[in-house]
Amino acid sequence: MELTASYVRADFFGGLIMKIIKSLFLLTCIGILPIHLFAQPVRFELGQRTRALEIAWDAQPDAAARKRASAYVKQAVTLFFAFKLNEAAKNLDQARFALKSAVPLSPEVQWAESLYVLPESRLLDKTAPTVAFTLDKFYPTTEAIPSGAVLKLSFSQANKAKTIDFPIAGLPLTEKLPLFFAKTADGDFTLTAKIVIGKKVLATSEQTISVVENLAARIEKLRPMINGLMPGGTQPQTMKDLTMLLDSLARKKTLETNFPAARLLNEVEAAHKTSGDFYGKAKPGQFWLTLALAQGILPVRMLAPVAVKQNKPLPLVIALHGTGGSENMFFDTYGHGTIAQLCEQGGWLLVSPRGTGMKPERVAEMIDAVAQLYPVDTKRVFVIGHSMGAGQAVAAAQLNPEKFAVVAALGGGGGIRNPSEALKNLPFFIGIGTEEFALKNARGLNEGLQKAEVRQINYHEYPDIEHLIIVQVALKDVFAFFAASQPRTEQGSGKAGSH
């Protein structure tokens, strides 16, 4: 039996009607849903293009340009529902271009942007002299290969980079790239692909390639050690799942995002050599962890800001992703990781769980699990959720309103079925786009909170925004609301209202 990383496993609910399956397919295609039914290389590439769109969105504040781009994003959603994956990807790219200019792209650029590079493996042994790759079209275009088109591949780390040219005479193009200076030390390298004609760059993309010493032997050494660990604790469960993740990458699996595999391998080996706890203990950084909760385990991705070195209680943000998603979404998409930047700047802890099928009570359980690693200011625990995660956040708030300082629901809603005196004192932020299919749900949540006499409701409808962009657009407003809130025991009884 193959050793399969828990980071690529996901529950697929049986018996769902076709409408829900199509909704899950939509989220799968944009890099959200880790379901084996759909090819991981496709999910990886669509995730890369989604992040490129998010970066372009942030770089373009002009409302007219954003509205122009939103039309393509809406079309992409329609195409996803119609299972027209290639055309949907093209519309994501068109949205990115529309942010930059209203002038149509040249045929050469349209052709170049349709291409993608697929390496044979993203985790290699240093003894490998080369990494094989394939250049091919990700979606069809009518343009022929332009004369003089060249693929420039750069293999780089820090300030060191080497580039080799591959003329593009036909597609698919299958070649091998020398690993150059990868033999000097274990490392996570950047593979940059540029499509050029002469000195003109038509398209650019990046991905991570990791190179380590004695890869197979190190994985084999970890496997029996993992099997002998007692289950239950956060550290042994984390080491087990990270080893499974690394094993998948070593077997040339393409996973949903760029993993710093060299760093993770050194990390799990160091954890094995540590007599006490390796994780936590005022150690800053981003970590893939498997938390041991009161009832079972939960894979998460976590940010411990530099402020943890002070060893003082810090606010905690719990971020819940959309339907069937993964712990990587709030770090890699949703504004290409904006929430991690905001938490680092504010000196706040951030944890995002794999939420598909997660029961609402586990949201509160995470507070205690994180507190085993870092001091948590339990009076300032904030929850933010998108789509399905918004519903989970609202449900968790009703179960344990006294545990949270603020709840933010974006791109979704949730019914108020358990109003209470404690819920009245819990501030809510609701963010929804006017082009959202979930607009009715968000308005319903706002009305439900008002009927429950919740004293502070900050409701925002964002013009010309739809489901895929709402988190990125609303995050700064959400964090301003978080920062302005009073610690839970000091909350006043302000007036309810919508804004």
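Before any of the text, the structure's been laid out above.
Predicted, not measured: the structure shown is a model, and the values here were computed from it.

Caption draft 1: Examining the overall build of the chain more closely. Along its length, the chain carries 15 helices and 16 strands. Counting across all 499 residues of the chain, residues that qualify as buried make up 56%. In the chain, once contacts between residues fewer than 6 apart in sequence are set aside, the share between residues at least 24 apart is 70%. Approximately 20,900 Å² of the chain is accessible, and the part contributed by carbon and sulfur atoms is 54%.

Caption draft 2: Structural detail: the side chain of Ser-485. Residue position: Ser-485 is located in the segment after helix H15 (470–484). With residues up to four places along the chain from it excluded, the contact list for Ser-485 reads Arg-380, Phe-382 and Val-406.

Caption draft 3: How the structure looks around the side chain of Thr-338. Here Thr-338 shows up in helix H10 (residues 338–346). Looking at Thr-338, its side chain comes within polar contact range of the main-chain oxygen of Gly-335, at 2.6 Å. Thr-338 has contacts with Asp-58 and Leu-475, leaving out every residue within four places of it along the chain.

Caption draft 4: Representation of the sheet that holds strand E14 (residues 406–410). Pairing is mixed in the open sheet, where 8 strands are placed in the order E9-E10-E12-E11-E13-E14-E15-E16. Single-partner strands in this sheet number two, and they are strand E9 (285–293) and strand E16 (457–462). Strand-to-strand twist across the sheet, computed as the mean angle between neighbouring axes with direction ignored, equals 20°. In this sheet, strand E12 (residues 349–353) lies alongside strand E11 (residues 314–320) in parallel orientation, the contact comprising 3 bridges.

Caption draft 5: Summary view of unusual backbone geometry. Put simply, Leu-171 and Pro-172 share a cis peptide bond, and its omega is 0°. Assignment of secondary structure puts Pro-172 in the loop between strand E5 (160–167) and strand E6 (173–178). Here Lys-252, not a glycine, exhibits a phi torsion of approximately 70°, which is positive. Take Lys-252: it is sitting in the loop between helix H7 (234–250) and helix H8 (261–273). Judged by relative accessible area, which is 45%, Lys-252 ranks as partly exposed. Even without a glycine there, the phi angle at Tyr-334 is positive, about 50°.

Caption draft 6: A look at the pattern of salt bridges. Applying the stated criterion across every chain yields a total of 20 salt bridges. For Lys-424, the salt bridge identified is with Glu-421, shortest N-O distance 3.4 Å. Of this pair, Lys-424 and Glu-421 are both found in helix H13 (residues 421–424), 3 residues apart, which corresponds to roughly one turn of the helix. Here Lys-424 falls in the buried class, since its relative accessible area comes to 17%. Of the charged contacts in the structure, one is a salt bridge between Lys-424 and Glu-453, with a shortest N-O distance of 3.0 Å. Of this pair, Lys-424 sits in helix H13 while Glu-453 sits in the loop between helix H14 (439–451) and E16, and the two are 29 residues apart along the sequence. Under the relative-accessibility criterion, Glu-453 is labelled partly exposed at 49%.

Caption draft 7: Broad picture of the pairing of strand E4 (residues 149–157). Counting buried residues along E4, 7 of its 9 residues qualify, which places the element largely inside the surrounding structure. Summarising the sheet, E4 and E5 pair through 8 bridges and their orientation is antiparallel. Note on E5: the bridge partner recorded for Val-150 is Pro-167. The turn linking E4 back onto E5 is made up of 2 residues, and Ala-158 within it adopts a positive phi angle of 55°.

Caption draft 8: Geometry of helix H12 (residues 388–399). Taking 1.5 Å per residue, 12 residues should reach 16 Å; H12 reaches 17 Å between its end C-alpha atoms and fits that length. Within H12, the full set of buried residues consists of Gly-389, Ala-390, Gln-392, Ala-393, Val-394, Ala-396, Ala-397 and Gln-398.

Caption draft 9: Looking closely at the packing of aromatic side chains. Under the counting rule described, the total for this entry stands at 13 aromatic pairs. Ring geometry for Tyr-116 against Phe-138: centres 5.1 Å apart, planes inclined by 70°, an arrangement best described as edge-to-face. Here Tyr-116 is found in strand E1 (residues 115–119), whereas its partner Phe-138 is found in the loop between strand E3 (130–137) and E4, with 22 residues between them in sequence. No difference in accessibility class separates Tyr-116 from Phe-138, as the two residues are buried. A ring pair is formed by Phe-259 and Trp-288, whose centres lie 5.4 Å apart and whose planes are at 50°; its orientation type is tilted. Here Phe-259 is found in the loop between H7 and H8, whereas its partner Trp-288 is found in strand E9, with 29 residues between them in sequence. Here the two residues Phe-259 and Trp-288 agree in accessibility, since each one is buried.

How each quantity is defined
- Residues numbered from 1 in each chain as written.
- Predicted model: local features only at pLDDT ≥ 70, side-chain atom pairs only at ≥ 80, totals over all residues.
- Heavy atoms only, no water.
- Helix = DSSP H or I, 4+ residues; strand = E, 2+ residues; numbered from the N terminus.
- Buried < 20%, exposed > 50% of the residue type's maximum accessible area, 1.4 Å probe, protein only.
- Contact = heavy atoms within 4.5 Å.
- Areas by Shrake-Rupley, 256 points an atom, 1.4 Å probe, with all protein chains shown as cover.
- Polar contact = N/O pair within 3.5 Å; in protein donor to acceptor, adjacent residues only side chain to side chain.
- Pairing = 2+ DSSP bridges.
- Axes fitted to C-alpha atoms, helices over the stretch in contact; angles between N-to-C directions.
- Salt bridge = Lys/Arg side-chain N within 4 Å of Asp/Glu carboxyl O.
- Expected span 1.5 Å × (residues − 1).
- Phe/Tyr/Trp six-rings, centres within 6.5 Å; stacked < 30°, edge-to-face > 60°.

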